[in-house]
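# Residue-level structural notes
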Amino acid sequence: MMTFNQIKDLLLQKFGSEVIAGEQISGIQHALIIKKDSIADVCLELRDNERTYFDFLSCLTGVDHGVEDNRFAVVYHLASIPYKSQLTLKVIIEHDRSSDILPSFPTVSHVWKAAEWHEREAFDLTGFYFDGHPDLRRILLPDDWEGYPLRKDYVAAEEYKGIKIN
Amino acid sequence: MLSRKTRYAELTEHLEPEEMIINMGPQHPSTHGVLRLELITDGEIVKEVIPHMGYLHRCFEKHCESLSYQQIIPFVDRMDYLASMNNDHAFVMGVERMLGIDQDIPKRIEYIRVLVCELNRIGSHLIAIGTYGIDIGAFTPFLWCFRDREHIMNMLEWASGSRMLYNYIWIGGLFYDLPVGFEERCGEFIEYFKPKLKELDQLLTDNQIFINRTAGVGILPLDVAINYGCSGPMLRGSGLKWDLRRVDEYSVYPELEFDIPVGKGEMGKAGDCWDRYKVRVDEIVQSVHIIEQCLNRLQKELKRSPDFDPRAMLPKKIIPKEQDFYIRSENPKGELGYYFITDGKTEIPKRVKARAPSFSNLSVLPEIARGVLIADLVAILGSIDIVLGEVDR
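So, a few notes on the structure that sits alongside this text. (Residues numbered from 1 in each chain as written. Chains lettered and ligands numbered in written order. Predicted model: local features only at pLDDT ≥ 70, side-chain atom pairs only at ≥ 80, totals over all residues.)

Bringing the sheet that holds strand β1 (residues 19–24) of chain B into the picture now. Consider a sheet: its strands pair through backbone hydrogen bonds, and that pairing is either parallel or antiparallel. Residues and elements named next belong to chain B. Reading across from one edge, β1-β2-β3 is the order of the three strands in this open sheet, with antiparallel pairing throughout. Sheet topology places β1 and β3 (45–52) at the edges, where each strand pairs with a single neighbour. The sheet shows a mean angle of 20 degrees between the axes of neighbouring strands, taken without regard to direction. Here strand β2 (residues 36–42) runs beside β3; their pairing, made up of seven bridges, is antiparallel. Bridging from a neighbouring strand, L39 pairs with V49 of β3. (Pairing = 2+ DSSP bridges. Helix = DSSP H or I, 4+ residues; strand = E, 2+ residues; numbered from the N terminus. Axes fitted to C-alpha atoms, helices over the stretch in contact; angles between N-to-C directions.)

Put into structure tokens, the structure is as follows:
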């Protein structure tokens, strides 16, 4: 089983220093921050490298970091079944909240099929576009719902098709 | 924005003359709730399955933006409403670990938590087995399972005051100690339940009609299961010994003895519906074994004493340090995870995301149900054992 720093070194060796944008080591669980364009390659490498073997995607979360700093993040929770290890990856981008262009991330649904529905959920609730996703539709809300509820600036809808919501 | 055509549009826009779209659900009894399956069929053959969910969506994560940790617990109860104790336990464990108090929880509290969780696990599996029988066409197991589950619900109601949505496990402790006489009554139930379990086993497991309907149907290969993020009995049914109670060794599970049943393909091929069913039956046996050990310890070295207060450890203010934290635990349906983001200043989490096992387990359905008969689709869906409260959250 590789430690957090060993995995970091492995990625640095394989892809060079530009893929890792930073790390979060304040809490109990550490996270690697990956550059947006490299995330799919990094995930594929971490899945297929026999020293890491992260074959299981536990969770994928879309996060809106608040109206003040306009940062959006996707957090990947990876697990390795043979090594019983876990790893957190993050992609953080800035976005001006304009509604015509959604914050866009590369898809990892070709790495883990599990990501397909998780990414649809992040699209549905936080309004992220996943580039290359084969079936990006709303998953929990109706297709014609307006807005993305988990955005921090979301205003709760008052009615839906003439039905009052309260 | 969506320049590319979605797979859904490709599948449904042009149909061959012999193809027909049938909606199964959201009011279909075998979808176990409000799930709609859009089937593209050719006669009796299901060519594609497209699940549509969200009929029970309450946006739990939006509610969490304005609630304190303790207030979230009742919402967590309502996710997998058949296993509320397990949901609470995972959530509470995550918050306790962020606060750094998880090592200080008294042993009696931990054992009570495991006891009620395992009781709830049996209840959840009994529903899975009973309703699976009814999906296949066997009515009696359903009644028998519900009869025995009633005893569990009565006991948990006695402890918590509620039949299904318990709010019993609190951050740092419990709502109350077990009522006086609970351990004895629970022991009596176990004695009553063991022979009943054998009866149930004879009724369904070795039933030739049941085997014909389930063995070799809906085979889920192990690599597909892992790639789709399947967990719990789905993953173990495909033959992998993967149980987070053993992998993460949380709570007092390292001190308890139990096996991890896996599917071996006894009746058909490994990973078929029968295997998933059998894993659940075997897990009930293991849960009974765990409960016996818990009861033994709760009546001996961890006996109730007048000065024991399960609320003594409750933190006055729940403000974890600024961090991200992902906790996972073994729910009856699979890996239940919570992802917390905290800011270290307020009692309200910045973000809580729930990773529901049924959600990922359901996502594999279009893959394994391609090309099966409509009647087999019912058998496959039932063997996944979804709870829509958790899929939709």
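Here we take up unusual backbone geometry. Of note, the phi angle at K84 of chain A is positive, near 55 degrees, even though the residue is not glycine. Take K84 of chain A: it is sitting in the loop between β4 (71–80) and β5 (85–94). On the basis of neighbour count, K84 of chain A is assigned to the partly exposed category, with 13 C-beta atoms found within 10 Å. Notably, R393 of chain B is not glycine yet its phi reads approximately 50 degrees, a positive angle. Here R393 of chain B lies in the segment after α16 (388–392). (Buried ≥ 20, exposed ≤ 12 C-beta atoms within 10 Å, placed from the backbone.)

Now for the nonpolar core. One finds V74 of chain A together with L115, V116, L365 and I380 of chain B to be the most contacted residues of the largest nonpolar core, which totals 146 residues. Per element, the largest residue contribution to this core is 15 residues, and it comes from helix α5 (residues 107–136) of chain B. Residues within four places of V74 of chain A in sequence aside, it is in contact with L60, G62, V91, F105, A122 and F128 of chain A. (Core = buried A, V, L, I, M, F, W, Y, C linked by C-beta atoms within 7 Å. Contact = placed C-beta atoms within 7 Å.)

Contact residues are listed per partner, giving 36 residues for chain B and 34 residues for chain A. Mapped onto the side of chain B that touches chain A, the elements with two or more residues apiece are α1 (7–13), α2 (60–64), α9 (222–227), β6 (323–330), β7 (335–342), β8 (351–355) and α13 (357–362) of chain B. For the side of chain B that touches chain A, the leading source of residues is β6 of chain B, giving five residues. Residue classes in the side of chain B that touches chain A are distributed as 14 nonpolar, nine polar and 13 charged. (Nonpolar A, V, L, I, M, F, W, Y, C, P; charged D, E, K, R; others polar.)

With that out of the way, let us pick up the packing of helix α7 (residues 182–204) of chain B against helix α12 (residues 273–299) of chain B. Residues and elements named next belong to chain B. The contact between α7 and α12 brings their axes to 10 Å, and the two run at 160 degrees. On the basis of the axis angle, α7 is roughly antiparallel to α12. In this structure, the crossing between α7 and α12 has a hand that is left-handed. Here E183, C186, G187, I190, F193, K194, L197 and D201 of α7 come into contact with α12, specifically with V281, I284, V285, V288, I291, E292, L295, L298 and Q299. (Parallel < 35°, antiparallel > 145°, perpendicular 65-115°, else oblique. Left-handed = near helix turned anticlockwise from the far one by under 90°.)

Attention now goes to helix α3 (residues 114–126) of chain A. Along an α-helix, residues three or four apart share an orientation, since each turn contains 3.6 residues. With 13 residues, α3 of chain A extends 18 Å from end C-alpha to end C-alpha; this agrees with the ideal 18 Å at 1.5 Å per step. G127 of chain A, located one to two residues past α3 of chain A, shows a positive phi value of around 70 degrees. (Expected span 1.5 Å × (residues − 1).)

Taking 1.5 Å of rise per residue, twelve residues should cover 16 Å, and helix α1 (residues 4–15) of chain A covers 17 Å from first to last C-alpha, within 8% of that figure. Positive backbone phi, approximately 90 degrees, marks G16 of chain A, located one or two places after α1 of chain A.

Next up on the list: the sheet that holds strand β1 (residues 20–24) of chain A. Residue and element names in this part refer to chain A. With respect to topology, five strands assemble into an open sheet ordered β1-β2-β5-β4-β3, the strand pairing being mixed. Edge positions in the sheet fall to β1 and β3 (56–64), since each has one partner strand and no second. The average undirected angle you get between the axes of adjacent strands in this sheet is 20 degrees. Note: β4 against β5, ten bridges, orientation antiparallel. Within the sheet, the bridge partner assigned to H77 lies in β5 and is T88.

On to the packing of α12 of chain B against helix α15 (residues 374–384) of chain B. Residues and elements named next belong to chain B. At a minimum axis distance of 9 Å, the contact between α12 and α15 shows a crossing angle of 30 degrees. By the angle between their axes, α12 is roughly parallel relative to α15. The two elements α12 and α15 cross, and the hand of that crossing is left-handed. Together, C273, R276 and Y277 of α12 and A379, I380 and S383 of α15 make up the contact between the two elements. Per-class residue counts for the contact of α12 with α15 are four nonpolar, one polar and one charged.

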